[in-house]
Amino acid sequence: MPFKQKKIILRLDPSYKRCPSCGEVNVLRRSRAKNFWESTLKFTGVYRMYRCRKCNWRGPLSNVVVTLESLKKIALFGLLLYFIYLLIGQVVKEFK
Ligand SMILES: [Zn+2]
């Protein structure tokens, strides 16, 4: 394989995206989280609050692009967790 993708999830800066409201490019700026809901979104690291300098639109935008490769890895990880869960269940039974 000549090109190996190491990053599971690609992070993009939505500042270069079009404004969802007016469609203008390069007008989005990061905005501070103003309430609990927005802080929670920010905490997940997936969404951040943005504001449009042109039309004053404000809202959350995702800066994460989930690739097919990352979905496979997440599925594999979920399966692994499930096996660990089963294994722990087995061990707990034996010690009773
Ligand atoms: Zn706008």
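In the block above lies the structure referred to throughout.
Structural notes, computed from the coordinates. (Residues numbered from 1 in each chain as written. Predicted model: local features only at pLDDT ≥ 70, side-chain atom pairs only at ≥ 80, totals over all residues.)

Considering helix α2 (residues 68-94)
Residue pairs three or four apart in sequence face the same way in an α-helix, which turns once every 3.6 residues. In this model, α2 (27 residues) spans 40 Å end to end at C-alpha, consistent with the 39 Å of a helix rising 1.5 Å per residue. For α2, a buried count of zero out of 27 residues is recorded, marking the element as mostly open to its surroundings. (Helix = DSSP H or I, 4+ residues; strand = E, 2+ residues; numbered from the N terminus. Expected span 1.5 Å × (residues − 1). Buried ≥ 20, exposed ≤ 12 C-beta atoms within 10 Å, placed from the backbone.)

Some thoughts on the sheet that holds strand β2 (residues 28-30)
With respect to topology, three strands assemble into an open sheet ordered β2-β3-β4, the strand pairing being antiparallel. Pairing within the sheet leaves two strands with one partner each, and these edge strands are β2 and β4 (58-62). Taken over all neighbouring pairs, the strand axes of this sheet differ in orientation by 50° on average, direction set aside. Across three bridges, β2 lies against strand β3 (residues 47-52) in antiparallel orientation. By the bridge assignment for β3, leucine 28 is matched with cysteine 52. (Pairing = 2+ DSSP bridges. Axes fitted to C-alpha atoms, helices over the stretch in contact; angles between N-to-C directions.)

Describing the pairing of β4
The sheet contact formed by β3 and β4 spans five bridges and is antiparallel. Its bridge partner lying in β4, tyrosine 50 is registered against glycine 59.

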